Amino acid sequence: MPAPPVAEQRPHSFTLHGITVEDPYFWLKDQGYPEIDDEPVLDYLRAENAYFEAVMAPHQPLIDTLYAEMRGRLPENDASVPVPDGDYEYWYAYNEGQEYRLWYRRPIAGGDDELLLDENALAEGHEQFSLGTVQVSPDARLLAYSTDTDGAERYVLRFLNLETGETLPDAIPGILGDVVWAADSASIVYTPVDDNWRSKVAMHHRLGTDPSEDAELYREPEEGMEIGIDMTQSRRFLTVWAGDNVSNEIRLVPLDDLTAEPVLVSPRETNRLYDVDEHEGTLYIHTNDEHVNFRLATAPVEAPVEWTELVAGSDDFYITGLTTFQNFYVVEARERGLDQVEIRYYDNETVERIPFPEASYTAGLGPVAEFDTDTIRIDYESMVTPDTDYSYAVGYDSAEGGGTLTTLKVQQVPSGYDASQYVTERLEIEARDGTMVPVSLVHRRDVTPNADTPVHLYAYGAYGYAVTPYFSTRQLSLVDRGFIFAIAHIRGGDDLGYQWYLDGKLERRTNTFNDFVDVGRGLVARGYTSEGRIAASGGSAGGELMGVIANTDPELFGAIVAEVPFVDVLNTMLDESLPLTPGEWPEWGNPITDPDAFRLIQSYSPYDNVTAQDYPPMMITAGLNDPRVTYWEPAKWTARLRATRTDDNLTVLRTNMGAGHQGQSGRFQSIVDEAQAQAFILTQLGVEE
């Protein structure tokens, strides 16, 4: 094998709050960013890629086998369940051998299928492709869509005339997020990103005019706050959301008059979040103003600040969302960590909870475009049950109870899948502070867990994002080789309620890392595996988790895969010119102004805590165009690990030179990344074919 690359160490330091920080790999950040053309930097990344390829080359047959298995579990020809919307129903499909989707519609009254958009044609000639939004105008004559072809997540918005197939001359670069059509289908609202990749303004574009003439609907003046747009389910109002991770405010603009002055629902308050929907002149508000697990309130559109409680907050019932329809509204929630979907009615207090068959699962409201409907969609899956689309006929009868679930589609696994051959469990493992942390796991029925059983342990643990028990055809490749796949529902996510999230951020951030380690040690103590037989993986903020546990408990893990890991936490939170930094301070703390936040972040930041000790084998990935976790974070971390660790275990870095945060695009291309990661895990844990 070739010698691994050795990055040059160049003296660089800074002092803040009386603390001096040494950063010898500072030079790996191209100072011309977001332009990346520093040849020594690029040479280092290329050298790391060449080393990665050399290290993995002997395992290429295994990678090819894993790729074939994972691809064999994907239907070559597949389609989503059509969603009715007005005179048409809409869906997407994949054709054999194609990486990307084709978008279709057909008249509900009967008629031919109509191809609206072919992502494969749009992606042709591009190494990377992503469709950002696809929205049909209210009169069904126009299509707005946005594309990104380098992974930088700066999308170009374009328009198609669906009657003629003509692409309109309007083209708006540099947008992010969804768009919202005006009621008359003659104009649209979008959110551009500025030079620092921040959404600060909602713009109104009239078709046929120069985008330079677009009018501002709202501009957010406060640093660290950004905006997003949506519309109410009734399609009466545009909603303009302005805020950060902990505080926000919403403005309403009637979609039949986008020139109207936006109406503020309620001014922002520190540590209060809310979102709104609307039904016949009444706002339905989902907020954590009085209870950490949120409550529901109502207010007249004419007096939006006058909130009246509808459903009180609860310690046990964590309300995660609300959607209004003409004759009922849907409440989504989590109870004891499990998803719940309830139908509630405007004219009575009936609560119609949809029953689900398993003890551990993931469920939620699926795509429903129409407001006046008596049928909703439900998405459901578990660690042993493939993704299932249901329709639910809403209707409560005092004698017969609630409505009925009808299966519309079950995820196909063409190479074969027998759920009876797998077992799923949900455990609770005690963390070091006495908190019980849930763990969901799956393994083959013919595997009896013991000290030699390999485990793949996964978690995220940030931003209140819950990793619920989901079905993964990709993880079957490990599970079928005798692995237990386990999801640790650690603090930092909102798996057990909003407080569960709060208990894993800011000054409580270390709970997230401790929970993950304690889950791993708990699995060892219960005889599911043993020290060194656990492969850990996580991405982005979950990659930060990987970095921390590698520093604190390296002996517990036999391999670590850190995908686009957020590991240079201190330096990133000190650099307010970076795209996400000001908006991230409520999540991590502001080390620029707060000495305590500085010291806390420095105490766990993976890059800053690499030490002379043995580390497990580690595979690290990056995306050169990644605007979320910039490429130099994993690059600097890799360089310091290789220079400091005291063992001969592998440290490899693969940088995708043409992609961003999500890695390779395309349903088949993305499998390559996963096949390489699993091959790394299998070979480092010594699991034979």
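This section reports on the structure supplied with the text.

## A short note on the nonpolar core
Stage number 1. Formed by 83 residues in total, the largest nonpolar core has its most connected members in L457, F516 and L523.
Stage number 2. Looking at this core element by element, the count peaks at 6 residues for helix α7 (residues 541-552).
Stage number 3. Setting aside anything within four residues of it in sequence, one finds L523 in contact with L427, I429, L441, V455, L457, Y528 and T529.
Stage number 4. Among the nonpolar cores identified, the runner-up in size contains 25 residues, and M70, A559, M619 and A675 belong to it.

## Overview of helix α10 (residues 595-604)
Stage number 1. Of the positions making up α10, those classed as buried are A597, F598, I601 and Y604. The arc that holds every buried residue of α10, seen down its axis, measures 150°, which confines them to one face.
Stage number 2. For α10, the secondary structure elements touched by its buried residues are β1 (13-16), β2 (19-22), α6 (510-525), α7, α8 (569-574) and α9 (581-588).
Stage number 3. Near the N-terminus of α10, the side chain that reaches the backbone nitrogen of D596, with its oxygen 2.9 Å away, is that of D594.

## Topic: the packing of aromatic side chains
Stage number 1. Throughout the structure, instances matching the rule amount to 28 aromatic pairs.
Stage number 2. Ring geometry for F356 and Y380: centres 5.5 Å apart, planes at 20°, overall stacked. In this pair, F356 sits in the loop between β27 (351-353) and β28 (362-365) while Y380 sits in strand β29 (residues 375-381), placing the two residues 24 residues apart along the sequence.
Stage number 3. Here Y380 falls in the buried class, since its relative accessible area comes to 1%.
Stage number 4. Three or more aromatic residues link up through ring pairs in this structure, and these residues are F294, Y318, Y498 and Y501.
Stage number 5. The ring of W91 has R106 sitting right over it, with the charged end atom 4.3 Å from the ring centre.

## Some words on the sheet that holds strand β24 (residues 317-324)
Stage number 1. Reading across the sheet, the 4 strands line up as β24-β25-β26-β27 and stay open at both edges, with antiparallel pairing between neighbours. Looking at which strands have only one partner, the edges of the open sheet turn out to be β24 and β27. Across the sheet, the mean angle from the axis of one strand to that of its neighbour is 30°, orientation sign disregarded.
Stage number 2. The pairing of strand β25 (residues 329-335) with strand β26 (residues 338-344) spans 7 bridges and is antiparallel. Residue pairing in the sheet places Y329 in a bridge with R344 of β26.

Thresholds, definitions, all that
- Residues numbered from 1 in each chain as written.
- Predicted model: local features only at pLDDT ≥ 70, side-chain atom pairs only at ≥ 80, totals over all residues.
- Heavy atoms only, no water.
- Core = buried A, V, L, I, M, F, W, Y, C linked by side-chain atoms within 4.5 Å.
- Buried < 20%, exposed > 50% of the residue type's maximum accessible area, 1.4 Å probe, protein only.
- Helix = DSSP H or I, 4+ residues; strand = E, 2+ residues; numbered from the N terminus.
- Contact = heavy atoms within 4.5 Å.
- Arc of directions from axis to C-beta.
- Polar contact = N/O pair within 3.5 Å; in protein donor to acceptor, adjacent residues only side chain to side chain.
- Phe/Tyr/Trp six-rings, centres within 6.5 Å; stacked < 30°, edge-to-face > 60°.
- Lys NZ or Arg CZ within 6 Å of the ring centre and 35° of its normal.
- Pairing = 2+ DSSP bridges.
- Axes fitted to C-alpha atoms, helices over the stretch in contact; angles between N-to-C directions.

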